[in-house]
Protein chains: 2
Amino acid sequence: MGAAVPASEPAFGGQPLDRADHLRTDPKQLAALQAGGRLLKLDALVPELDADGRLVWGPVDGIDVELVFLGLAEGRAHFAAVPDEGNDDPAYAQRPIWGLLGRLPADDLALYGTARSVLDWHARHKFCARCGQPTRFAKGGWQRDCVACGAQHFPRVDPVAIMLVEYPDEFGGRLLLGRQARFPPRSYSALAGFVEPGESIEDAVRREVFEEAGVRVGEVRYIASQPWPFPSQLMVGCLGIGESLELAIDTTEIEDARWFTRAEVAEAMAKGSDSTSFLAPPRQAIAHHLLEWWLEQRP
Amino acid sequence: MGAAVPASEPAFGGQPLDRADHLRTDPKQLAALQAGGRLLKLDALVPELDADGRLVWGPVDGIDVELVFLGLAEGRAHFAAVPDEGNDDPAYAQRPIWGLLGRLPADDLALYGTARSVLDWHARHKFCARCGQPTRFAKGGWQRDCVACGAQHFPRVDPVAIMLVEYPDEFGGRLLLGRQARFPPRSYSALAGFVEPGESIEDAVRREVFEEAGVRVGEVRYIASQPWPFPSQLMVGCLGIGESLELAIDTTEIEDARWFTRAEVAEAMAKGSDSTSFLAPPRQAIAHHLLEWWLEQRP
C-alpha cells in the first residue's frame with residue numbers, strides 16, 4: 001500500500017511508552033504510581049547519560065516539583081520534573097547537547113524528545129495568555145489551567161512543512177536545497193517553514209518555496225513526519241514538483257538555494273563531510289530521511 | 001506520482017491571497033496599503049454575507065483597532081480587525097454560523113478561515129504566557145510581543161490526526177467510524193485526536209485508535225490535510241490498517257464506534273440523510289473527503 005519508505009524511521013518518533021491518558025485525570029492513581037515510578041535525570045533540559053549512552057532514571061519519592069507523567073512501560077510509571085526555566089533558543093540544537101543525543105538509541109531519543117517538549121512548555125507557560133494571571137499544572141502535566149479565568153491551556157505542537165523540491169529531468173531529477181547563514185559551511189538542506197493558520201500542508205509547501213526561492217510548486221506529496229523537540233515542532237516532510245528552474249532567493253530568510261543533481265545528492269549522502277558537492281543534513285534531521293527516501297525512489 | 005486524490009480539495013484550504021510576508025515587517029508600507037485596502041466585515045467572528053452569498057468588504061480608513069494583514073489580491077491589501085473577544089467553544093462550529101459557511105464559495109471559505117483563526121488567537125492572547133504582562137500586536141498581526149520580557153508569540157496551529165481505519169477483507173474492506181455524544185443522531189465520522197508533543201503523525205494515529213477503540217493499527221498512510229478554524233486545527237487525514245476487528249470503546253472519549261461495510265459507506269455518502277446505515281459527515285469536514293477518497297480507491 002502506498003510508496004515504499006526507508007526501513008529507518010525519522011529520529012525522535014516511535015513511542016516506547018504507553019501514554020495511558022486515562023490516568024492523567026486521576027490524581028490519586030498518579031500519586032500512587034509515583035511510589036514505584038522512575039524519574040528522568042535531567043540538569044535543566046540536558047539529559048544525564050550512563051556509560052552505555054542511555055538515559056538515566058532515578059526514584060520519584062520526595063520530589064516536591066511539578067511532575068509530568070510520561071507514561072507506562074513494564075508496569076512502571078515514568079515521570080520528568082518541570083525545570084525553573086525553559087529554552088526557546090533555536091540554536092540550542094547546535095550546542096553540546098547535540099553530541100549527547102547522537103549517542104542515544106531510538107527509544108531513548110523519543111522519550112527524551114517528549115519530555116523536553118512538555119517540560120519546556122511548562123517552564124514558559126506559567127501565566128494565562130488570556131488574562132495574565134498564573135496557571136496551575138493539571139492532568140499529569142498535559143494541561144495548565146488558569147487560576148483566575150479558568151482557561152485551559154495545552155502544550156504547543158507547531159507544524160512545520162519541510163520539503164524537497166524536485167525538477168524532473170532526464171538525469172533522474174534535480175533537487176532544490178537551501179542553506180541558512182547559521183548552518184555549518186557547505187551545508188544544504190530541505191527548505192522549511194511553519195504552517196500558518198488557514199493553510200493546508202500543501203498550501204504551506206507552495207507558499208514557502210515561492211517565498212524563499214521564487215519557484216512555483218505544483219503537485220505535493222507527503223513523505224514522512226517527525227516530532228522535533230527544539231522546542232516543539234512537528235516536521236511534515238513532503239516532496240513538491242517544481243515548475244521552473246529559475247531562482248529568486250529571499251536572502252532575509254535563507255542565505256542560498258541551489259539545484260543539485262541526483263549524482264551530487266548521492267555523493268553527499270554516501271561520503272558525508274568528504275563530499276565535494278555539499279554537506280548533507282545530519283542523520284537525526286528528517287531532511288536526511290527525505291534525501292534517503294528520494295535516492296531510493298529514483299534509482 | 002502517488003495515489004489519485006478526488007478532484008475536490010478539502011474545504012478551508014487553497015489560499016486565494018498572496019500573503020506577502022515580507023510586508024509584515026514593514027509598518028510604513030502596511031500603513032500605506034491601508035488607504036486603498038479592503039476590510040473584512042465581521043460581527044465579532046461572524047461574517048457578513050452579500051446577496052450572492054459572498055464575504056463583504058469595506059474600506060479600511062479610519063479604523064482604530066488592531067488590523068491583521070491577510071495578504072494581497074489584484075494589487076489590493078486585505079485586512080481584518082481583531083475583536084474584543086474570541087471564541088474557543090468547539091461546539092461553536094455547530095451553531096448558526098455553519099449555515100452561513102455552507103453558502104460561501106471555496107476561496108471565501110479559505111479567506112474567512114484564515115481571518116477567523118488569527119483574529120481569535122489575538123483576542124485570546126493579549127498577555128504573555130511566560131511572564132503574565134501585556135503583549136503588543138506585531139508583524140501585521142502574525143506575531144505578538146511581550147512589552148515586559150520581550151518574548152515573541154505566534155498564532156497557534158494545532159495538528160490533529162484524523163483517520164479512517166480499514167480492516168481489509170474480501171468485501172472491499174470495512175471502515176471503523178465513531179461518534180461523539182454531541183453529534184446529531186445516527187452520525188458517524190472518522191476518529192481523531194490532537195498530535196501530542198513527541199509524536200509523529202503516524203504515532204498519533206496509532207495511539208488515538210487504540211485509546212478510543214482498542215484496535216491496533218499497523219501501516220499508516222497520509223491522504224490529505226485541511227485547516228480547520230474552530231479555533232485553529234490543522235487536520236491531517238490518514239488511512240490506518242487495523243490489525244483486528246474486536247473493539248474496546250473508551251466511552252469517556254466517544255459514545256460509540258462501529259465497523260461499516262463498503263456498501264454501507266457508499267450508501268451513506270450517496271443518500272445523505274436518507275441513508276439507512278448512518279449519517280455521513282458534512283461536506284466541509286475532511287472526514288467527508290476521506291470517505292470519498294476511500295470509495296474511489298476501493299471500487
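Before reading on, note that the structure itself is shown above.
Now for a description of the structure that goes with this document. (Residues numbered from 1 in each chain as written. Chains lettered and ligands numbered in written order. Predicted model: local features only at pLDDT ≥ 70, side-chain atom pairs only at ≥ 80, totals over all residues. Heavy atoms only, no water.)

## Description of the environment of Asp-18 of chain B
Residues and elements named next belong to chain B.
Next up, step 1: Among the secondary structure elements, Asp-18 is positioned in the segment before α1 (27–35).
Next up, step 2: The class for Asp-18 is partly exposed, based on a relative accessible area of 44%.
Next up, step 3: Along the chain, Asp-18 and Ser-225 lie 207 residues apart, while their C-alpha atoms are 20 Å from each other.
Next up, step 4: At 2.8 Å, the side chain of Asp-18 forms a polar contact with the backbone nitrogen of Ala-20. (Helix = DSSP H or I, 4+ residues; strand = E, 2+ residues; numbered from the N terminus. Buried < 20%, exposed > 50% of the residue type's maximum accessible area, 1.4 Å probe, protein only. Polar contact = N/O pair within 3.5 Å; in protein donor to acceptor, adjacent residues only side chain to side chain.)

## As for the interface of chain B and chain A
Next up, step 1: In this assembly, 52 residues from chain B lie in contact with 51 residues from chain A.
Next up, step 2: For the pair chain B and chain A, the two sides together bury roughly 4,300 Å², of which 56% comes from carbon and sulfur.
Next up, step 3: Taken together, the connections running from chain B to chain A amount to 4 salt bridges.
Next up, step 4: Across the salt bridge formed by Glu-196 of chain A and Arg-19 of chain B, the nearest N and O atoms sit 2.7 Å from each other.
Next up, step 5: At the boundary of chain B and chain A, one finds 24 residue pairs in polar contact (both at pLDDT 80 or more).
Next up, step 6: Breaking the side of chain B that touches chain A down by element, the ones donating at least two residues are α3 (106–123), β10 (158–167), α4 (201–213), β13 (217–228) and β14 (233–242) of chain B.
Next up, step 7: It is β13 of chain B that contributes the most residues to the side of chain B that touches chain A, 6 residues altogether.
Next up, step 8: Partitioned by chemical class, the residues of the side of chain B that touches chain A number 21 nonpolar, 12 polar and 19 charged. (Contact = heavy atoms within 4.5 Å. Buried area = accessible area lost by both parts, 1.4 Å probe. Salt bridge = Lys/Arg side-chain N within 4 Å of Asp/Glu carboxyl O. Nonpolar A, V, L, I, M, F, W, Y, C, P; charged D, E, K, R; others polar.)

## Observations regarding the pattern of salt bridges
Next up, step 1: If you walk through the whole model with that rule in mind, you get 32 salt bridges over all chains.
Next up, step 2: The closest approach of N and O atoms between Arg-124 of chain B and Asp-120 of chain B, which form a salt bridge, is 2.7 Å.
Next up, step 3: On the accessibility criterion, Arg-124 of chain B (16% relative accessible area) is buried.
Next up, step 4: Salt bridges sharing common partners tie together Glu-196, Glu-199, Arg-207, Glu-208 and Glu-211 of chain A together with Arg-19 and Arg-24 of chain B.

## A word on the packing of helix α5 (residues 262–271) of chain B against helix α6 (residues 286–297) of chain B
When two helices pack together, you describe them by how their axes are tilted relative to each other and by the distance separating the axes.
All names here are of chain B.
Next up, step 1: Relative orientation of the contacting elements α5 and α6 amounts to 125°, with a least axis distance of 11 Å. Accordingly, the angle class assigned to the pair α5 and α6 is oblique. Considering how the two elements wind past one another, α5 and α6 form a crossing that is left-handed. Along its contact with α5, which presents Arg-262, Val-265, Ala-266 and Met-269, the element α6 presents His-288, Leu-291, Glu-292, Trp-294 and Leu-295.
Next up, step 2: The residue makeup of the contact of α5 with α6, split by class, is 6 nonpolar, 1 polar and 2 charged. (Axes fitted to C-alpha atoms, helices over the stretch in contact; angles between N-to-C directions. Parallel < 35°, antiparallel > 145°, perpendicular 65-115°, else oblique. Left-handed = near helix turned anticlockwise from the far one by under 90°.)

## Some remarks on the environment of Gln-233 of chain B
Residue and element names in this part refer to chain B.
Next up, step 1: You can see Gln-233 is positioned in strand β14.
Next up, step 2: Among residues more than four places away in sequence, those in contact with Gln-233 are Asp-158, Val-160, Phe-194, Gln-226, Pro-227 and Trp-228.
Next up, step 3: One polar contact links the side chain of Gln-233 to the main-chain carbonyl oxygen of Phe-230, over a distance of 3.4 Å.

## Quick look at α5 of chain B
Given 3.6 residues to a turn, an α-helix orients residues that are three or four positions apart in the same direction.
Residues and elements named next belong to chain B.
Next up, step 1: Within α5 the residues assigned to the buried category are Arg-262, Val-265, Ala-268 and Met-269. In an axial view of α5, the angular spread of the buried residues amounts to 135°, which keeps them on one side of the axis. Seen from the buried face of α5, the exposed residues on the opposite side, beyond 90 degrees, are Ala-263 and Ala-270.
Next up, step 2: Each element contacted by the buried residues of α5 is listed here: β11 (174–179), β15 (256–261) and α6. (Arc of directions from axis to C-beta.)

## What to know about empty space enclosed by the protein
Next up, step 1: Taken as a whole and assessed by the stated rule, the structure comprises 2 cavities of 30 Å³ or more.
Next up, step 2: Counting residues per element, the ones that place at least two in the lining of the largest cavity are α3, β13 and β14 of chain B.
Next up, step 3: For the lining of the largest cavity, the class distribution of residues is 6 nonpolar, 5 polar and 2 charged.
Next up, step 4: Looking at the second largest cavity, its volume works out to about 40 Å³.
Next up, step 5: Considering the residues around the second largest cavity, the lining is formed by Ser-117, Arg-156, Val-157, Pro-227, Trp-228, Ser-232, Gln-233 and Leu-234 of chain A together with Glu-196, Pro-197, Gly-198 and Glu-199 of chain B.
Next up, step 6: Elements with a contribution of two residues or more to the lining of the second largest cavity: β13 (217–228) and β14 (233–242) of chain A. (1 Å grid on protein atoms, 1.4 Å probe; cavity = no way out; pocket = protein on both sides within 12 Å on 5 of 7 lines; lining within 4 Å. Points joined across faces, edges and corners; volume = space filled by probe spheres on them.)

## Digging into the relation of the copies chain B and chain A
Next up, step 1: Of the two same-sequence chains, chain B is brought onto chain A (RMSD 0.0 Å, axial shift 0.0 Å) by a rotation of 180°. These values place the two chain copies in the arrangement generated by a two-fold rotation axis. Across chain B, the smallest distance between a C-alpha and the rotation axis is recorded for Gly-132 of chain B, namely 2.1 Å.
Next up, step 2: When the interface residues of chain B are mapped onto chain A, 98% of them again fall at the interface, so both copies present the same face. (Least-squares fit on C-alpha atoms with pLDDT ≥ 70 in both.)

## Regarding the sheet that holds strand β7 (residues 135–138) of chain A
Picture the strands of a sheet paired through backbone hydrogen bonds; they go either parallel or antiparallel.
Residue and element names in this part refer to chain A.
Next up, step 1: Here 3 strands make up an open sheet; going across it, the order is β7-β8-β9 and the pairing antiparallel. A strand with exactly one partner marks an edge of an open sheet, and here the two such strands are β7 and β9 (152–153).
Next up, step 2: With 2 bridges joining them, strand β8 (residues 143–146) and β9 adopt antiparallel strand pairing. Within β9, the position partnered with Arg-144 by the bridge is His-153.
Next up, step 3: Relative to β8, helix α3 (residues 106–123) is tilted by about 15°, and along the sheet it contacts β7, β8 and β9. (Pairing = 2+ DSSP bridges.)

## Observations regarding helix α4 (residues 201–213) of chain A
All names here are of chain A.
Next up, step 1: An ideal rise of 1.5 Å per residue puts 18 Å on 13 residues; α4 measures up with 18 Å between its terminal C-alpha atoms.
Next up, step 2: In terms of burial, α4 is a largely internal element, 11 of the 13 residues being buried.
Next up, step 3: Listed in full, the buried residues belonging to α4 are Ile-201, Glu-202, Asp-203, Ala-204, Val-205, Arg-207, Glu-208, Val-209, Glu-211, Glu-212 and Ala-213. (Expected span 1.5 Å × (residues − 1).)

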